[in-house]
Amino acid sequence: MTRCSDSGENCTENPDRNQKKRKKGGKHVSFPPDEQIVSGFAEDAGRTDDRCVTLMDVIGAYQQSCSKHQVQPRESILQQLQQGVCGGGSVECLDLKGERLDHRSCEALEVVLKSLHFDFINLQAAQLEENGASSLLDMILYYESTTYLDISDNGSMGTSSWRALAHLIKQSVCLSRLDACNVCLVGYPVQSLSKALLTSRLRVLHLNNAQLSGSSLFTLVRALKTNRALLELHLSSNQLNGYQDAMQLGELLRYNNTLQTLELSDNVLGDPGLEELCDGLSRQTKGLKVLILKNNQITERGMNHLAKTLPGLKILEVLDLGDNHLGNEGIQVIREPLMVNSSLLHLGLAQSNITCEGAVALAEFLAESRLIQRLDLHQNRVKLGGLMALSLALRINCSLSHLGVDPIPPQELDEFLTETQKRLQAEITQRCNANASRLQRDASEMNME
């Protein structure tokens, strides 16, 4: 069954509706004051109505709307509605990725957005032009049509589109995740987005490859310092540097204790940038649990900054330093600080130029740790000596439930060494599985209490 309108009418358009108004250049939704939107939606959410319509009704109404707006019904939309599973007026996804949505195509979608709530609306690379985008975003807000919206890869959105998106972010009760990747967040777009984030209810924000370095990042961070709703921020591939940009990110961590995940992969923060981040991390008394720094040109010198910070961290649970040139020297630097740390559960070190020497240092850490649950060493040159050390450490360690290591290339092994490697990897897997079962059992017992 689908969600009914307040009047209980079928989901064909009402030409006399008074909640819409026409403007030059297109039709837009007119909104009541903020508090009326919130209270009105809350009232609607608790309302039941036996006159709800079916998905077939929505399909028919969409076809009529397309005829009215003189556009062809999109076959992909019809197929999604025909195959959709609707419960309580909610459908999993409306996937419009790659569709060319001009203004009339967007207007024709109103009957669908009016009747159904979608867990995810995908507008990625939909070639949204200004009037169509602003009208569509207004509809999504007015009807509270989704909890997750992706507008990535839409480079033609103009000022009015960004204004409509900002209004959606600021006012929506339902929207909890937004992806706006591979767009240019410079000038008005980042200013409007940042202003909306001051009071938004967004929980997850993906802004990968959005040209956020420099003044754009400064504008965004200034808003997020006081934001108390956002839990995840993803900023990979923004060419964030180790000086001004890293300083802004450090400031964010000093002032924001709500953010739980910060993803900064594929930037150029380097060792100076890690120093700024560590300074911010050391001020975190609650908040950040996940920090992803994969592929950031960090070296063993950066581990000196991390070594000073690790012992005092009480919140951070996941640290991913994969695809950085840490080497065995870097692992030696953080070995003892890792032993002292009292929060880290997952350490990512894939493709970090580690050999058996570094694996032995990590084995010493594992033997002492009572917390670490996952260690990723994929794409490193860990041979039999390293595997043996890790296997011995797992005879003592009772917390590690996953250890990621690659098989040694067959050409480097004779028959005896091949059997030894198989035995060691089997032993590692067996002990990790035993730890995982123990952790699961302990968690179940705690929940029962």
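Preceding block: the structure.
About the thresholds
- Position numbers for residues count from 1 along each chain, tracking the sequence in the order it is written.
- In keeping with the predicted nature of the model, local features appear solely for residues at pLDDT of at least 70, side-chain atom pairs appear and are counted solely at 80 or more, and the whole-chain, interface and lining totals rest on all residues.
- Note that water and hydrogens are dropped before the side-chain values are worked out from all heavy atoms of the structure.
- The way it works is that DSSP assigns letters per residue, a run of H or I at least four long becomes a helix, a run of E at least two long becomes a strand, and they are numbered from the N terminus.
- Residue exposure (1.4 Å probe, protein chains only): buried if accessible area is under 20% of the type maximum, exposed if over 50%, otherwise partly exposed.
- Reported accessibility uses the Shrake-Rupley method at a 1.4 Å probe radius. Residues are deemed covered only where the shown protein chains occlude them.
- Axis definition: a line fitted to C-alpha atoms, limited for helices to the stretch in contact. Angles are taken between N-to-C directions and run from 0 to 180 degrees.
- Roughly parallel means an angle under 35 degrees; roughly antiparallel means over 145; roughly perpendicular covers 65 to 115; every other angle is labelled oblique.
- In this analysis, two residues are considered to be in contact whenever any of their non-hydrogen atoms come within 4.5 Å of each other.
- Note on aromatic contacts: the rings of Phe and Tyr and the six-membered ring of Trp form a pair at centre separations within 6.5 Å, being stacked when their planes are under 30 degrees apart, edge-to-face when over 60 apart, and tilted otherwise.
- Polarity classes work like this: nonpolar for Ala, Val, Leu, Ile, Met, Phe, Trp, Tyr, Cys and Pro, charged for Asp, Glu, Lys and Arg, and polar for all others, with Gly in that last group.
- Buried Ala, Val, Leu, Ile, Met, Phe, Trp, Tyr and Cys residues that are joined via side-chain atoms within 4.5 Å together make up what is termed a nonpolar core.
- Salt bridges are defined by distance alone: a side-chain nitrogen of Lys or Arg within 4 Å of a carboxyl oxygen of Asp or Glu.
- In this analysis, strands are considered paired if DSSP registers two or more bridges between them.
- Handedness rule for crossovers: strands pointing away from the viewer, path from the first strand over the helix to the second running clockwise, crossover right-handed.
- Two N or O atoms count as a polar contact when they lie within 3.5 Å, although within protein this holds only if one can serve as hydrogen donor and the other as acceptor, and sequence-adjacent residues are included solely when both atoms are side-chain atoms.

Novice: Give a description of the overall build of the protein that names residues and reports values.
Specialist: Helix and strand counts for the protein stand at 16 helices and 14 strands. Looking at the protein residue by residue over its 449 residues, the buried ones come to 52%. Counting every atom, the protein has about 20500 Å² of accessible surface; 48% of that belongs to carbon and sulfur.

Novice: Go over the packing of helix α11 (residues 270-281) against helix α12 (residues 302-309) with me, naming the residues and quoting the values.
Specialist: When two helices pack together, their arrangement is given by the angle between their axes and by how far apart the axes lie. Two numbers describe how α11 lies on α12: the axes approach to 8 Å, and their chain directions differ by 10°. Judged on the interaxial angle alone, α12 and α11 are roughly parallel. Residue-level inspection shows Asp271, Leu274, Glu275, Cys278 and Leu281 of α11 in contact with α12, the latter providing Gly302, Met303, His305, Leu306 and Thr309.

Novice: Before we move on, could you go through unusual backbone geometry and cite the residues and values that matter?
Specialist: One non-glycine residue with positive phi stands out, namely Gln211, at about 55°. Mapping Gln211 onto the fold places it in the loop between β7 (204-206) and α9 (215-224). Given the relative accessible area of 47%, Gln211 is considered partly exposed. For Asn353, which is not glycine, the phi torsion reads 65° and is therefore positive. One can find Asn353 in the loop between β12 (346-348) and α14 (356-368). For Asn353, a relative accessible area of 44% corresponds to the partly exposed category.

Novice: Lay out the environment of Leu94 with the relevant residues and their values.
Specialist: With respect to the secondary-structure elements, Leu94 resides in strand β3 (residues 90-95). Here Leu94 falls in the buried class, since its relative accessible area comes to 1%. Placed 14 residues apart in sequence, Leu94 and Gln80 show a C-alpha to C-alpha distance of 7.1 Å. Every residue in contact with Leu94, bar those within four places of it in the chain, is listed here: Gln80, Leu113, Phe118, Phe120, Ile121 and Asn122.

Novice: Give me the packing of aromatic side chains: which residues, what numbers.
Specialist: Taken as a whole and judged by the stated rule, the model has two aromatic pairs. Between Phe120 and Tyr148, the aromatic rings sit 4.1 Å apart at their centres with planes inclined by 15°, giving stacked as the arrangement. Residue Phe120 is located in strand β4 (residues 117-122), and its partner Tyr148 is located in strand β5 (residues 148-150); the two are separated by 28 residues in the primary sequence. What makes Tyr148 buried here is its relative accessible area of 18%. A centroid spacing of 5.1 Å and a plane angle of 90° characterise the contact between Tyr142 and Tyr143, whose relative ring orientation is edge-to-face. For Tyr142, a relative accessible area of 28% corresponds to the partly exposed category.

Novice: So what's going on with the packing of helix α10 (residues 244-255) against α11? Which residues, and what values?
Specialist: One can describe the packing of α10 onto α11 by two numbers: an axis separation of 7 Å at closest approach and a directional angle of 10°. Compared by their axis directions, α10 and α11 come out roughly parallel. When α10 is examined against α11, the residues Ala246, Met247, Leu249, Gly250, Leu253 and Arg254 are found in contact with a partner set consisting of Gly273, Glu276, Leu277, Asp279, Gly280 and Leu281. Within the contact of α10 with α11, the residues separate by chemical class into six nonpolar, three polar and three charged.

Novice: Could you give an account of the nonpolar core, with specific residues and numbers?
Specialist: Side chains of nonpolar character tend, in soluble globular proteins, to be buried together. Core analysis: the biggest nonpolar cluster contains 120 residues, and Leu123, Leu149, Leu235, Leu264, Leu293, Leu349 and Leu403 have the highest contact counts within it. Top element by residues in this core is α14. It accounts for seven residues. Among all residues touching Leu235, those that are not within four sequence positions of it are Leu207, Asn208, Leu212, Leu217, Leu220, Leu240, Leu249, Glu263, Leu264 and Asn267.

Novice: Tell me about the pattern of salt bridges, residues and numbers included.
Specialist: Overall, the coordinates contain 13 salt bridges when judged by the stated rule. A salt bridge links Arg335 to Glu364; its shortest N-O distance comes to 3.1 Å. In this pair, Arg335 sits in helix α13 (residues 327-340) while Glu364 sits in helix α14, placing the two residues 29 residues apart along the sequence. Looking at Glu364, the relative accessible area reads 36%, which means it is partly exposed. Measuring nitrogen to oxygen at the nearest pair gives 2.9 Å for the salt bridge that ties Arg395 to Glu427.

Novice: Explain α12 to me, and be specific about the residues and the numbers.
Specialist: Of all eight residues that make up α12, six are buried, and the element is covered over most of its length. Inspection of α12 places Gly302, Met303, His305, Leu306, Ala307 and Thr309 among the buried residues, and these make up the whole buried set. Residues of α12 that are buried sit in contact with α11, β11 (318-320) and α13.

Novice: A description of the environment of Glu275 should follow, citing residues and the corresponding values.
Specialist: With respect to the helices and strands, the residue Glu275 is situated in helix α11. Taking the C-alpha atoms as reference, Glu275 lies 9.8 Å from Tyr243; in sequence the two are 32 residues apart.

Novice: Break down the pairing of β4 for me, citing the residues and quoting the values.
Specialist: Within β4, five of the six residues are buried, which leaves it mostly tucked inside the rest of the structure. Looking at chain direction, β4 and β5 are connected through two bridges and run parallel. Within β5, the position partnered with Ile121 by the bridge is Leu149. Following the chain from β4 across helix α6 (residues 130-142) to the adjacent parallel β5, one finds a crossover that is right-handed.

Novice: I'd like a description of the environment of Asp153, backed by residues and values.
Specialist: Following the sequence through the fold, Asp153 ends up in the loop between β5 and α7 (159-171). Spatially, the C-alpha atoms of Asp153 and Ala125 are 4.6 Å apart, while their sequence positions differ by 28 residues. For Asp153, the residues in contact, after removing those within four places along its chain, are Gln124, Ala125, Cys181, Asn182 and Val183. There is a polar contact of 3.2 Å between the side chain of Asp153 and the side chain of Asn182.

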